[in-house]
Amino acid sequence: MRVFNFSAGPAVLPEQVLRRAADEMLDWHGSGMSVMEMSHRGKEFISIAQKTEADLRTLMAIPDNYRVLFLQGGAMAENALIPMNLLGDKTGADYVNTGEWSKKSIKEAKKYCKVNVAASAEDRDFTYVPPQSVWKLDPNAAYVHICTNETIGGVEYHWVPDTGAVPLVADMSSHILSRVVDVSKYGVIYGGAQKNIGPAGVTLVIVREDLLGRALAITPSAFDWKLQAENDSMLNTPPTYGIYIAGLVFEWLLEQGGLASMEQKNIAKANLLYDYLDQTAFYSNPVAKADRSRMNIPFRLADTSLDDAFLQGAQERGMVQLKGHRSVGGMRASIYNAMPIEGVQRLVEYMKEFERSHG
Ligand code: PLP
């Protein structure tokens, strides 16, 4: 029996994708092999990689002057690779600090460049996105880095900053493909795959072409975006099976009506949970209403001594991975694209029932 899996990542994948991968496991399209067993330079895998990229370009309406890279190392590696690839002859970069993932990006970047924290939400315990009017941007920065969805704090940008001529770099790991994005407003969009894209192991980098060629000499070749772009992400062996599953997810998203349709579904799912959280004192969510994430919804029970009983009851009703991140405690429901509305309905029904019996 499949459970409703609220994990923040690796996370639930569409059942149709898993079934299709299972069907194609031993013999992909008459090739007599599994995708895992194919040479990345063979015609079968090249066709998979090309279709995967083409479908992503369609889904996100990626302009022609952007390159799409499928790399390894996760978003965490990119935190180091961003300064390495973008500094050129500059010495510093701007970062906006909206929570745990911003902090990790800042910490990593400090190893390679001067970091200017242009704004921080620390004054209100990372429960909001500082408006651009308070940002102190450095006009000489190599780039401005933001995390557009803080997976742990549940804070999401619902607007796009204007950084003028300085490229905007966004860690979109935990909400990419959940909503329509105007790619042309960004210099770089990056993220790990294990939430809305596919299995862990694939790292997506979408980079505007004119930003290629600024890498520091110490940048490892396998992580030099220009070299990878010149080699269609095949300078070395790419994460082939993960790319194949990502391709199946992209096909599924297109069948669902694309990102505009997913966005409407995601709004409906998030509203279901937030509407309930806002009308009870038994549970609470600390995030400013305008900045709440549609993907990751942290909440607390007013009486934390009931946490274990809550999680146990959820498990018994087929809902797993609701425990909040170890750094913040409480609960967190991650409701990515592949979480059906029925999962959120069941969660809200259970939360009401638990409130009735323990409130
Ligand atoms: N950035 C965000 C917003 C995340 O949620 C995560 C966690 O998965 C990461 C970065 C780190 O990604 P990875 O584990 O793929 O390195």
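Just so we're clear, the structure is a prediction, and the values are computed from it rather than from any experiment.

1. As for the sheet that holds strand S12 (residues 296-301)
Move 1: Judged by pairing direction, the sheet is antiparallel, and its three strands sit side by side in the order S11-S12-S14 without closing on themselves. What marks the edges here is a single partner per strand, and that holds for strand S11 (283-284) and strand S14 (331-334).
Move 2: Note: S12 against S14, four bridges, orientation antiparallel. Within S14, the residue paired with Phe299 across the bridge is Met331.

2. Examining empty space enclosed by the protein
Move 1: All told, the structure shown has one cavity of 30 Å³ or more when counted by the stated rule.
Move 2: Here the largest cavity defines a volume of roughly 40 Å³.
Move 3: Here the lining of the largest cavity gathers at least three residues from each of two domains, domain 1 (4-13 + 258-358) and domain 2 (17-255).

3. Some points on the domain arrangement of the chain
Move 1: What the domain assignment lists for the chain is domain 1 (4-13 + 258-358) and domain 2 (17-255).
Move 2: Of the residues lining the interface, 30 residues belong to domain 1; the matching set on domain 2 comes to 32 residues.
Move 3: In total, domain 1 and domain 2 occlude about 2500 Å² of area from one another, counting both sides; carbon and sulfur atoms represent 58% of this.
Move 4: Applying the counting criterion to the domain 1 and domain 2 interface returns zero salt bridges.
Move 5: Joining domain 1 to domain 2, the criterion identifies 16 residue pairs in polar contact (both at pLDDT 80 or more).
Move 6: When residues of the side of domain 1 that touches domain 2 are traced back to their parent elements, those giving at least two are helix H7 (258-278) and S12.
Move 7: Within the side of domain 1 that touches domain 2, the residues separate by chemical class into 17 nonpolar, eight polar and five charged.

4. A look at the sheet that holds strand S4 (residues 114-120)
Move 1: The seven strands are arranged S2-S10-S9-S8-S5-S3-S4 in an open sheet whose pairing can be described as mixed. Looking at strand neighbours, the two that pair on one side only are strand S2 (66-71) and S4, the edges of this open sheet. Across this sheet, the average inter-strand angle for adjacent strands is 20°, counted without regard to direction.
Move 2: Looking at chain direction, strand S8 (residues 168-171) and strand S9 (residues 188-192) are connected through three bridges and run parallel. Residue pairing for S9: Val169 is matched across the bridge by Val188.
Move 3: Helix H2 (residues 43-60) rests against S2 and strand S10 (203-208) of the sheet, and its axis sits at about 130° to S2.
Move 4: Contacting strand S3 (92-97), S4, strand S5 (144-147) and S9, helix H4 (residues 100-109) runs over the sheet at an angle of about 160° to S3.

5. Details of the packing of aromatic side chains
Move 1: Tallied over the full model, the rule gives 13 aromatic pairs.
Move 2: Taking 5.8 Å as the distance between ring centres and 70° as the angle between the ring planes, the aromatic pair formed by Tyr95 and Tyr143 counts as edge-to-face. With Tyr95 in strand S3 and Tyr143 in the loop between S4 and S5, the pair connects residues that are 48 residues apart, well separated along the chain.
Move 3: What makes Tyr95 buried here is its relative accessible area of 1%.
Move 4: Grouped by ring-pair contacts, the aromatic residues Tyr276, Phe282, Tyr283, Phe299, Phe310, Tyr350 and Phe354 constitute a single cluster.
Move 5: Seen from the ring of Trp101, Lys104 lies directly overhead, with NZ or CZ sitting 5.2 Å from the centre.
Move 6: Here the basic side chain of Arg124 rests over the ring of Tyr128, its NZ or CZ set 3.8 Å away from the ring centre.

About the cut-offs
Residues numbered from 1 in each chain as written. Predicted model: local features only at pLDDT ≥ 70, side-chain atom pairs only at ≥ 80, totals over all residues. Heavy atoms only, no water. Pairing = 2+ DSSP bridges. Helix = DSSP H or I, 4+ residues; strand = E, 2+ residues; numbered from the N terminus. 1 Å grid on protein atoms, 1.4 Å probe; cavity = no way out; pocket = protein on both sides within 12 Å on 5 of 7 lines; lining within 4 Å. Points joined across faces, edges and corners; volume = space filled by probe spheres on them. Domains from an automatic or database assignment. Contact = heavy atoms within 4.5 Å. Buried area = accessible area lost by both parts, 1.4 Å probe. Salt bridge = Lys/Arg side-chain N within 4 Å of Asp/Glu carboxyl O. Polar contact = N/O pair within 3.5 Å; in protein donor to acceptor, adjacent residues only side chain to side chain. Nonpolar A, V, L, I, M, F, W, Y, C, P; charged D, E, K, R; others polar. Axes fitted to C-alpha atoms, helices over the stretch in contact; angles between N-to-C directions. Phe/Tyr/Trp six-rings, centres within 6.5 Å; stacked < 30°, edge-to-face > 60°. Buried < 20%, exposed > 50% of the residue type's maximum accessible area, 1.4 Å probe, protein only. Lys NZ or Arg CZ within 6 Å of the ring centre and 35° of its normal.

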